[in-house]
Amino acid sequence: MAEEDKKRSLVFAVNGERFELPSVDPSITLLEFLRTQTRFKSVKLSCGEGGCGACVVLLSKYDPVHDKVEDHNVSSCLTLLCSINGCSITTSEGLGNSKSGFHPIHQRFTGFHASQCGFCTPGMCVSLFSTLVNAEKTNRSDPPTGFSKMTVCEAEKAIAGNLCRCTGYRPIADACKSFAADVDIEDLGFNSFWSKEENKEIKLNRLPLYNPSNEICTFPEFLKKEKSSAMSLDSERYNWYFPGNIEELQNLLNVHDSNKWTKKKLVVGNTGTGYYKEIESYDRYIDLKYIPELSMITMHETGIEIGAAVTISKAIEALKEENQRDFLTRGENVFRKISNHMEKIASGFIRNTASVGGNLVMAQRKHFPSDLATLLLAVDSTVEIISGPEREKITLEEFLERPPLDINSVLVSIYIPNWSSNRKPSQQDNNTMLLFESYRAAPRPLGNALPYLNAAFLAEVTPSNTSGRILVNHCRLAFGAYGTRHAIRATRVEQLLSGKALNNEVLYEAVKLVRDSVVPEDGTVSPAYRSSLAVGYLFEFFSPFIDTRDKAIDGFLDESKRTSLASPFKLAENQDQFHLNNIPALLSSAKQDIEFSRENYPVGEPISKSGASLQASGEAIYVDDIPSPTNCLHGAFIYSTKPLARVNSISLEPKQQQDGVVGVISSRDIPEAGENLGSRSAFGGELLFANDLTDSAGQRIALVVADSQKHANIAAKLAVVDYGLEDQEPPILSVEEAVRRSSFYEVPPYLYPKQVGDVSKGMAEADHKIISAKFKLDSQYYFYMETQTALAVPDEDNCMVVYSSSQCPEFAHSVIAKCLGIPEHNVRVITKRVGGGFGGKALKSIPVATACALAAHKLNRPVRMYLDRKTDMIMAGGRHPMRITYNVGFKSDGKITALELEILVDAGMSVDLSALMPETILGTLKKYDFGALSFEIKVCKTSNPSRSAMRAPGEVQGSYIAEAVIEHIASFLSLEVDSVRSRNLHTYNSLSLFYEEIAGEVQEYTLPSIWDNLAISSSFNQRTQTVKEFNRSSRWRKRGISRVPVVYKVAMRPTPGKVIILRDGSVAVEVGGMELGQGLWTKVKQMAAFALASIHCEGTENLLDKVRVIQGDTLSVIQGGFTAGSTTSEASCAAVKLCCDILVERLTPLKERLEQQMGPIKWEMLVFQGHTQAVNMAASTLYVPDLPSMRYLNYGAAVSEAKVNLLTGETTILQVDMIYDCGQSLNSAVDLGQIEGAFVQGIGFFMLEEYLLNSDGLVISEGTWTYKIPSLDTIPKQFNVKIMNSGHHKNRVLSSKASGEPPLLLAVSVHSAARDAIKEARAQLLSWSGSVDKSSSIFNLDVPATMPVVKELCGLDNVETYLEWSLGKK
């Protein structure tokens, strides 16, 4: 290549290394490049939408004019590689690693126990690093030694856009806050650096030192020297163009050539592809970032002009720069509030590259639900557009209402007026005030979620000196994102209010008009809710300025303190008081009370999770991190979109047959001796591919195999499936239809639970009965951060090696052999670690591994597959939906005498593990003494996706059913629900009746003491009274509090183990259980060190560092079974202890002989002599639990307090207190992580996550845009956990008990607390309507209790009802 051409090549740096690419596909993303063409694998693909943060990197740009480096974190899955020309990239490996030393971020994440499965951890670390780097650039005072200039608030916001499914976020937030200059170190949670009783100085010295002056260089010097401009890239070679001005841009847009440049794409940050998925490629990419006019921010006295290519983050900075003074003019106050709202758009790593203009163009062209459009519409912004030779300035309102902007038209800039300078008050009065507020109702308060509705209101008002009322001179009211084509102004409402003095009558007319004006289009989800939000926000904006002088009615007082509005300062102060809820509260300090014993050291020690530092630095290897073998192909599933349809044919787009597609694998390609088998359990199998007829939407039909994952995915998405729907029975898409058609799976009699007591007698003894009460429970998706993945490599002699991210590699091994028609000894399945499982990587992982093996077998080439998030969600199945009907009899004091249940379980198209549902449902449902219990549980076969086990499968539903019954009884009797719960807690005798021998000894039943101790430690009774007082004095916010128990039955399973002592004294351990993030390896290491130390040699007290747990291999350790059910860690520990006991027994005679000859002997010498003298230094066993230790009960309880916003339906979790009995924990740090993580996953199920199907049964919640797991801003503000050491349990593994699943069930306490608040809201609503109907306290609160669900129960028309009441109309 000529020297001049080389200078124009794509050049950038990654972790200080120079990369020069002479050619590249312009559609390739930075993520794709890093993962496929470099050794840096810390950058993970999880959602591919910019919605999770797993792929975050630091992007650094050099500004030669000002000689400074700009650093910001970006989503590499959306960043196009050509856009980083001349830039430097830093990944988590670049911060530090195991060879050069870990960065303090990695060390603190490890020490604060902030990494479990570890898949999200590198992205978290980079997000934090970005915040640290930018904090150091501020002019704040120097922080104390070891800390940064970052604040606690910034630390939390640093990772607000990053998702984690394992930890529950609290330890991650603590790790981040440990760097903050203003942190109170006493507020940081449980960690491995110090114990809580140590003083502050010791704690500070124990933290891994952070020294900003030693920080890595994010932009290497060589890059500064050789690249002066990113625009030097050879455009013709890369099809990537950098116009330097508007004229060059117009020339590029106006080129017309019948053969070339037919498809053009304008690029700034490319973040729009996270929402509007692009499959097509473009002939010409035009990068707008280097056009000065599009990238400038100009401050005028009359306003701010922002270039269309300016990023949202830069715009936020500019708007904030305008209001750095203590006293803000009214215009600057508008800028401040706009910038505050903009910080809730997407997440930081999206805002850093997403442009203001791109956001508005998506809103105009594609009807994107934009917050920016609504904000800027309210403040009368204008835009400048170029269309060919024409250049025009129009209002944003005109822009939004025009036909979609064509590709040859360009948005140049946006102008936001300064309302201080260019707007003269309507009345020349010093008291005239300009008011501005913005609103958004979204599942996540800090952003990273589209709103149900957003709004922005600007009004000029004047207090009247005579009437004391407030006059609205004029106003602008904008609403958007509610299911409309674009943001709108409510002009009729504006006209109504302008010139009016505010009172409740005027406001009542205004809100009625708003409801008529804000009407979502047909097909919008929750339309009535969205309209009610508009009403609520208008009311919230204006109501503080109405001096109603009303008195308390029916015990309810106005929540706002109505101060005098005589001056503009009082007016503004009053309004800001009402809107304090818009400022997200930081997480409070949390308490972790850990009881642990050193009796079995190092077992019980809260050591950090094994491999956590490797996970943080990105060095931990997951399946998709394994380098692709030579000639490796990639697969992607084609799935059905119809249930019960004949597949006539599958065809690929002609272009896809050229773009790297090698073939399509289907059931016809299964070897003659093989079987069309995708997975199998003890209850039946599931097809790998549909035969001629599909069983459900989302079923696998075929596998496209191509030369890259990208080509395979595109080909699969564009595949055309011809369905035949004639002569088919209608599909069964509901459990009710399954009952009508008698479509059920058989449950083996030995798995069907026993009835308890005489229900007829119990019903006869009841004072009251509730008959035929009904409710439903919906599904939940696993949302493991690592989607399903596998790599199959053909081996000699017709063998197959498969690397699978699996919870049950043994089952995958068997299924692969059957599918290929080969002996099982020809198959080897290897699993090192799993990036989150929760049950979804059990049977559901097997078809992925099997499909790869089948394709590799047919093509005789390695084949790998990594499912994109949409495909994974469509195929995953998830938790079992249910329909429940019950009859219950009870005494007047709330004591239940009998409960009858009918439960219909939707198992989907194949049985999977669904036959276990009756047993698991009843296991937790029996946590209360129901007197007598009868049930009929039908496992329904439907045409919906096959459901599978998900963390606490059946148990979480069973526990909720019990709570729903208790809540219903309490409401029926008008009793406090806590008293009804307490009255129905088991005595030991009733526990033994319901659970029989599993109840254990009387001293093992710790729930009564947990229940009482929790009331004391959480101040439950006092807080209950405080909640009541709050509700009496608060009109539009209500609180609730709830205390809930859990009784959880677990079962130990036979588990293999293998221990090898190597010649140097190091120890290798292999177990049947897989490391999913639950700390199994860590506990196993501790157990091996403990058990081997019983040989009592010199040095055995430090064996922990000599133990390594190695990957699972189905030809090395067999009979591994499932890693599931919360007991695999302890069973694996039991197996390892047996192995170690065997080895100790073998070595003891040798040790005694050597001691007689040499005196005290070191461990290394003993091992060396053992090898020399032919002692067998390897032991393997199968731990088989005996009957008394096979099954046991776990106990715990939680108190949750929540606050509900009656105008929006938002639920804020204020505090959670939990006590959980871990027996004698094998590792309390690991168990604490399991407890907190499980609880937060339960919050997702009960409050947030909607896993929805369309009318054909196809999943439509298919990514981070539509499926919302908990995030940092939705977890409890304060989360206090006590791990109880309940002493010796003779039938447990070193007296330990399970922790992985039972705490998830306690999240129902949040749901119950929300219900308690809603009950108060409904009583208040009833009082306004003048009704005396007490039935308002009896209602079903759906699961999940999303914002629309909660708001509907609080009253979609509660504002109108209140105003009617206040006006005396009712």
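A quick note: this is a predicted structure, and the numbers were derived from the prediction, not measured. (Residues numbered from 1 in each chain as written. Predicted model: local features only at pLDDT ≥ 70, side-chain atom pairs only at ≥ 80, totals over all residues. Heavy atoms only, no water.)

## Section: the sheet that holds strand 18 (residues 592–594)
Spatially, 5 strands are ordered 18-42-41-40-34 in an open sheet, and the strand pairing comes out mixed. The open sheet has two edge strands with one neighbour each: strand 18 and strand 34 (1037–1051). Geometrically, the sheet is characterised by an average inter-axis angle of 10° between neighbouring strands, direction not taken into account. In this structure, strand 40 (residues 1191–1205) lies alongside strand 41 (residues 1211–1221), joined through 9 bridges in antiparallel fashion. The residue bridging Ser1200 from the neighbouring strand is Val1216, located in strand 41. (Pairing = 2+ DSSP bridges. Helix = DSSP H or I, 4+ residues; strand = E, 2+ residues; numbered from the N terminus. Axes fitted to C-alpha atoms, helices over the stretch in contact; angles between N-to-C directions.)

## Topic: the pairing of strand 4 (residues 68–75)
Burial of strand 4 is extensive: 6 of the 8 residues sit out of reach of the surface. Two elements, strand 3 (residues 56–63) and strand 4, share 8 bridges in a ladder whose sense is antiparallel. Paired with Ser60 across the strands is Asp71, a residue of strand 4. The antiparallel hairpin formed by strand 3 and strand 4 contains 4 residues in its connecting segment, where Asp67 sits at a positive phi of about 50°. (Buried < 20%, exposed > 50% of the residue type's maximum accessible area, 1.4 Å probe, protein only.)

## Comments concerning the environment of Gly1368
Among the structural elements, Gly1368 can be located in the segment after helix 45 (1358–1366). Under the relative-accessibility criterion, Gly1368 is labelled exposed at 55%. Taking C-alpha positions, Gly1368 is 9.6 Å from Trp1328, a pair spaced 40 residues apart along the chain.

## As for unusual backbone geometry
Residue Pro602 follows Tyr601 across a cis peptide bond; omega there is 0°. Geometrically, the link from Val1343 to Pro1344 is a cis peptide bond, its omega value of 0° lying close to zero. Turning to its location among the elements, Pro1344 is positioned in the loop between helix 43 (1308–1329) and helix 44 (1347–1355). Backbone geometry at Ser1019 places phi at a positive 55°, although glycine is not the residue there.

## Focus on the environment of Arg1043
Examined against the element boundaries, Arg1043 turns out to sit in strand 34. When its relative accessible area of 6% is taken as the criterion, Arg1043 is described as buried. Beyond its immediate sequence surroundings of up to four residues, Arg1043 is in contact with Asp978, Arg981, Ser982, Trp1011, Leu1014, Ala1015, Phe1020, Ala1198 and Val1199. Within the structure, the side chain of Arg1043 is placed 2.6 Å from the side chain of Asp978, a separation counted as a polar contact. Polar side-chain contacts of Arg1043 include one of 2.8 Å to the backbone oxygen of Trp1011. (Contact = heavy atoms within 4.5 Å. Polar contact = N/O pair within 3.5 Å; in protein donor to acceptor, adjacent residues only side chain to side chain.)

## Describing the pattern of salt bridges
Applying the stated criterion to the full structure yields 73 salt bridges. Across the pair Glu605 and Arg598 runs a salt bridge whose closest N-O atoms are separated by 2.7 Å. With relative accessibility at 10%, the residue Glu605 sits in the buried group. Accessibility expressed as a relative area gives 55% for Arg598, which makes it exposed. (Salt bridge = Lys/Arg side-chain N within 4 Å of Asp/Glu carboxyl O.)

## What about a nonpolar patch on the surface?
A cluster of nonpolar side chains, contributed by Met1158, Met1165 and Phe1168, occupies part of the molecular surface with about 270 Å² of accessible area. Structurally, Phe1168 is set in helix 39 (residues 1163–1172). (Patch = residues over 30% accessible without salt bridge, like charges linked within 9 Å, V, L, I, M, F, W, Y side chains within 5 Å. Areas by Shrake-Rupley, 256 points an atom, 1.4 Å probe, with all protein chains shown as cover.)

## Digging into the packing of aromatic side chains
Here the structure, examined in full by the defined rule, presents 50 aromatic pairs. Note on Tyr439 and Phe457: the rings are 5.4 Å apart at their centroids and 45° apart in plane angle, and the pair reads as tilted. With Tyr439 in strand 14 (residues 433–441) and Phe457 in strand 15 (residues 453–463), this pair connects stretches of sequence that are 18 residues apart. Each member of the pair, Tyr439 as well as Phe457, carries the same accessibility label: buried. Lys841 extends its terminal NZ or CZ atom over the ring of Tyr784, reaching a point 4.6 Å from the ring centre. (Phe/Tyr/Trp six-rings, centres within 6.5 Å; stacked < 30°, edge-to-face > 60°. Lys NZ or Arg CZ within 6 Å of the ring centre and 35° of its normal.)

## Section: helix 28 (residues 809–820)
Taking 1.5 Å of rise per residue, 12 residues should cover 16 Å, and helix 28 covers 16 Å from first to last C-alpha, within 8% of that figure. Considered for burial, the residues of helix 28 that qualify are Pro809, Ala812, His813, Val815, Ile816, Ala817, Cys819 and Leu820. A positive backbone phi angle near 70° is found at Gly821, which sits one or two residues after helix 28. (Expected span 1.5 Å × (residues − 1).)

## A short note on the side chain of Ser806
By secondary structure assignment, the location of Ser806 is in the loop between strand 28 (799–804) and helix 28. Of note is the side chain of Ser806, whose polar atom sits 2.9 Å from the backbone nitrogen of Cys808. In terms of polar contacts, Ser806 uses its side chain to reach the side chain of Ser845, at 3.3 Å. Aside from chain neighbours lying at most four places away, what touches Ser806 is Thr831, Val834, Lys841, Ser845 and Met1074.

## Focus: the state of the cysteines
Each disulfide is one covalent bond, formed between the sulfur atoms of two cysteines. On inspection of all chains with the given rule, the structure shows 0 disulfides. Cys1133 forms no disulfide, and the closest cysteine sulfur to it belongs to Cys1140, at a distance of 10 Å. We classify Cys1133 as buried; its relative accessible area is 0%. Cys1139 takes part in no disulfide bond, and the closest cysteine sulfur, belonging to Cys1140, lies 6.7 Å away. Given a relative accessible area of 0%, Cys1139 falls into the buried group. (Disulfide = S-S within 2.5 Å.)

## Let's talk about the packing of helix 43 against helix 45
Between two packed helices, both the angle of their axes relative to each other and the distance between the axes serve to describe the pair. One way to put it is that helix 43 packs onto helix 45 with a least axis distance of 8 Å and a crossing angle of 40°. For the element pair helix 43 / helix 45, the angle class is oblique. Between helix 43 and helix 45 the crossing geometry is left-handed. Across the interface between the two elements, Leu1325, Ser1327, Trp1328 and Ser1329 of helix 43 pack against Asn1358, Thr1361, Tyr1362 and Trp1365 of helix 45. For the contact of helix 43 with helix 45, the per-class residue count stands at 4 nonpolar, 4 polar and no charged. (Parallel < 35°, antiparallel > 145°, perpendicular 65-115°, else oblique. Left-handed = near helix turned anticlockwise from the far one by under 90°. Nonpolar A, V, L, I, M, F, W, Y, C, P; charged D, E, K, R; others polar.)

## Observations concerning the sheet that holds strand 29 (residues 827–831)
Reading across the sheet, the 8 strands line up as 21-24-19-30-27-28-29-38 and stay open at both edges, with mixed pairing between neighbours. Pairing within the sheet leaves two strands with one partner each, and these edge strands are strand 21 (661–665) and strand 38 (1112–1113). Pairing geometry for strand 29 and strand 38, over 2 bridges, is antiparallel. Looking at strand 38, one finds that Ile830 is bridged to Asp1113. Contacting strand 19 (633–639), strand 21, strand 24 (700–706), strand 27 (789–795), strand 28 and strand 30 (863–866), helix 29 (residues 846–859) runs over the sheet at an angle of about 30° to strand 27. On top of the sheet, helix 30 (residues 869–876) reaches strand 19 and strand 24; it is set at about 50° to strand 19, its chief contact.

## Structural notes on the side chain of Arg879
Relative to the elements of secondary structure, Arg879 occurs in the loop between helix 30 and strand 31 (882–890). Comment: no salt bridge for buried Arg879; closest opposite-charge side chain is Glu955, at 6.6 Å. A distance of 3.2 Å separates the side chain of Arg879 from the backbone oxygen of Met950, its partner in a polar contact. With residues near it in sequence (within four places) discarded, Arg879 still touches Ser779, Gln780, Arg947, Ser948, Met950, Arg951, Ala952, Pro953, Val956, Gln957, Phe1245 and Leu1304. (Lys, Arg positive; Asp, Glu negative; His and termini not counted.)

## Re the environment of Glu136
Its location among the elements puts Glu136 in helix 5 (residues 121–136). By relative accessible area, Glu136 is classed as partly exposed at 24%. Considered as a pair, Glu136 and Leu78 are 58 residues apart in the sequence and their alpha carbons are 27 Å apart. With sequence-adjacent residues up to four places away left out, Glu136 is seen in contact with Ser148, Lys149, Tyr210 and Pro212.

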